[in-house]
Structures are given as structure tokens and as C-alpha cells.
Amino acid sequence: MTTTQLPLLLASASPRRRQILATLGLPYTVSVAPGDEDAAQAHYQGSVDGLGEWTAAYKALMMFSRPETANHLVITADTTVILDDQELGKPRDTEHARSLLRSLRGRWHRVVTGIVVSTMVAGQLQMHGESCSTPVLMRPYTDEEIDAYIATGDPMDKAGAYGIQSASFQPTESIDGCYYNVVGLPLCTLVRLLAKFDVHPANSGCSDTACPWSEQCHIR
Ligand SMILES: Cc1cn([C@H]2C[C@H](O)[C@@H](COP(=O)(O)OP(=O)(O)OP(=O)(O)O)O2)c(=O)[nH]c1=O
């Protein structure tokens with residue numbers, strides 16, 4: 001069996017990743033990787049910008065611990081928010097969300113998503129990964145706006161305690177790169193990785209000249 005014929009499996013609980021992947025027009029199924037990524041990250045010793053890709057690789061290995069994942073082409077991803085070279089993570093509780101949103105207010109930071117595409121065929125693991133980084137500037141929102149946003153519950157499952165896509169909060173003033181990377185799945189990076197397995201979607205995401213989302217890539 002060639003890698004082109006392997007069924008595509010997105011290993012993610014993120015509804016955003018599911019929606020973004022759907023735009024490529026490839027059939028895929030969804031499952032959630034087992035394991036405890038926070039506990040695993042405690043063993044990470046590389047640079048903070050490499051943490052997302054390392055964690056995406058961890059999620060892939062956790063998937064292949066299930067025999068039924070063999071003979072699939074598996075996509076895993078991890079999004080990190082980095083301020084002053086520190087990874088902020090997801091909020092532990094509402095107080096932590098408040099403190100993360102205050103620390104980001106009016107500040108440039110980077111959102112880095114690591115993506116890994118991998119297979120396990122006949123016991124052989126093949127894995128390719130990349131990271132994509134988007135500088136993001138937050139607007140100077142007020143404490144009252146932070147409280148109202150936290151009350152919606154939206155920050156709690158998101159790195160850095162915010163969703164750039166939040167229509168009510170609209171936390172960002174400017175971004176300097178891929179919008180879909182911030183939301184959790186940079187399509188251009190994914191398309192490059194799929195090509196390494198000879199998979200070429202008909203709708204193939206971003207390019208500098210013909211990106212269908214280019215207007216959203218430069219919200220200024
Ligand atoms: C910064 C930011 C993050 N996010 C989301 C993307 C990710 O879903 C989440 C970061 O957590 P992740 O651990 O990357 O992903 P997840 O736990 O949601 O899903 P899984 O591990 O199963 O794939 O934050 C946004 O939706 N908008 C944003 O603006």
C-alpha cells in the first residue's frame with residue numbers, strides 16, 4: 001500500500017482544526033490522542049519555539065500506541081503562545097485566564113503551531129514535522145472586557161487564554177503572518193507535509209500570491 005492510499009486521520013479534539021482541515025477537501029476521520037501532554041512536556045529540554053512540534057510528535061506516538069491507528073496517515077498539531085520567550089499554556093482556571101490576558105494586553109507575542117504528519121506501516125514509523133510562527137499584537141482591552149470575555153468560557157480551552165476568532169472580544173490589533181496558524185492549523189505548512197507522503201489536496205491552502213485567506217492574514 002502506498003502512503004497516498006492511507007486513510008487520513010486527524011488526531012485532535014480541537015473543533016477549529018477539524019473545520020480548517022475540511023477546507024482542503026480531503027476525506028478524513030477524527031480521533032483524540034490519548035496521553036497527558038502536560039506531563040510529557042515536563043521532560044522537554046529544547047527551545048521554547050520547538051515545544052509545539054515536539055508535543056505534536058508526542059501526540060502522534062500516543063496515537064500509534066493504539067494498534068488500530070496503524071495504516072493511517074495521522075495529523076497531529078499543538079499550538080503554543082510565547083511571550084518574552086515563555087510559553088503561556090492554557091489557563092488552569094479563570095484567575096489564571098485573567099492573568100494571562102493581562103500579561104498579553106498591548107503586547108506583541110508569537111503563536112507557534114507545530115504540525116506532524118506520520119504513518120506506521122508494517123511497524124515502520126515515518127514522521128515529518130514543521131513549525132509555523134505568527135507574531136500577534138494584542139489591543140489594549142480593559143479589565144472589564146477581560147472579565148466579560150472570561151464569563152463566556154471561551155478562553156478556557158485555548159493557548160494564552162484567547163481566541164483570535166472571538167467575534168465579541170476581538171483581542172488582536174495586528175498579526176504578521178498566517179491567521180490559521182493562530183487558530184491551530186496552518187494549511188500551507190500542512191500541505192507541504194502531506195506532499196512528503198505524496199498526498200496533494202485539490203484545494204491546496206496558502207501560497208504567497210494566491211492565498212484564499214490573504215485578507216485575514218494581515219488584520220491591521
Ligand atoms: C491562540 C489561539 C489558540 N487557539 C486554540 C487552538 C488549539 O485548539 C488550542 C491550543 O491547544 P492544543 O493543545 O494545541 O490543542 P487542543 O487541546 O485544543 O486539541 P488537540 O491537542 O486534541 O489537538 O488553542 C484558538 O482557537 N485561537 C487562538 O487565537
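Quantities reported herein were computed from a predicted structural model and do not represent experimental measurements.

All right, on to the nonpolar core then. Ranked by size, the top nonpolar core spans 45 residues in total, and within it L101, Y162 and L190 carry the most contacts. Those residues in contact with L190 that sit more than four places away from it in its chain are L21, L24, I75, I115, V117 and L185. Within the second largest apolar cluster, six residues are counted, among which are L9, A11, A33 and V74.

Our focus in this paragraph is the side chain of S118. Topologically, S118 is positioned in strand β5 (residues 108-121). Beyond its immediate sequence surroundings of up to four residues, S118 is in contact with A60, F64, H72, L73, V74, Q126, M127 and F197.

Once that is clear, we can look at the pairing of strand β2 (residues 28-31). The side chains of a regular strand alternate, residue by residue, between the two faces of the sheet. Relative to β2, strand β1 (residues 8-11) runs parallel, the two sharing four bridges. Within the sheet, the bridge partner assigned to L10 lies in β2 and is V30. Viewed along the sheet, the connection from β1 through helix α1 (residues 15-22) into β2 turns out right-handed.

All chains considered together, the criterion is met by four aromatic pairs. Considering the side-chain rings of Y149 and F169, the 4.2 Å spacing of their centres and the 20° angle between planes classify their relative orientation as stacked. Here Y149 is found in helix α5 (residues 143-151), whereas its partner F169 is found in the loop between α5 and β7 (172-175), with 20 residues between them in sequence. A single burial state applies to Y149 and to F169, both of which are buried.

Residue A161 is not a glycine yet carries a positive backbone phi of 70°. Structurally, A161 can be placed in the loop between α5 and β7. Residue A161 is classed as buried on the basis of its relative accessible area, which comes to 0%. Even without glycine at this site, Q170 takes up a positive phi of about 45°.

In this section: the UniProt feature "site: Important for substrate specificity" (unreviewed entry) in the chain. When the UniProt feature table is mapped onto this chain numbering, "site: Important for substrate specificity" (unreviewed entry) sits at R16, T79 and Q165. Inspection of the secondary structure assignment puts R16 in helix α1. Exposure remark for R16: the relative accessible area of 17% places this residue in the buried category. With sequence-adjacent residues up to four places away left out, R16 is seen in contact with D157, K158, Q165 and V183. Structurally, T79 is set in strand β3 (residues 73-83). For T79, a relative accessible area of 15% gives the class buried. Not counting chain neighbours up to four residues away, the residues in contact with T79 comprise R17, V111, V112, T113, A159, N181, V182 and G184. There is a polar contact of 2.9 Å between the side chain of T79 and the side chain of R17.

Thresholds applied
- Residues numbered from 1 in each chain as written.
- Predicted model: local features only at pLDDT ≥ 70, side-chain atom pairs only at ≥ 80, totals over all residues.
- Heavy atoms only, no water.
- Core = buried A, V, L, I, M, F, W, Y, C linked by side-chain atoms within 4.5 Å.
- Buried < 20%, exposed > 50% of the residue type's maximum accessible area, 1.4 Å probe, protein only.
- Contact = heavy atoms within 4.5 Å.
- Helix = DSSP H or I, 4+ residues; strand = E, 2+ residues; numbered from the N terminus.
- Pairing = 2+ DSSP bridges.
- Right-handed = clockwise from strand over helix to strand, strands pointing away.
- Phe/Tyr/Trp six-rings, centres within 6.5 Å; stacked < 30°, edge-to-face > 60°.
- UniProt positions renumbered as here; feature names shortened; annotations may be inferred.
- Polar contact = N/O pair within 3.5 Å; in protein donor to acceptor, adjacent residues only side chain to side chain.

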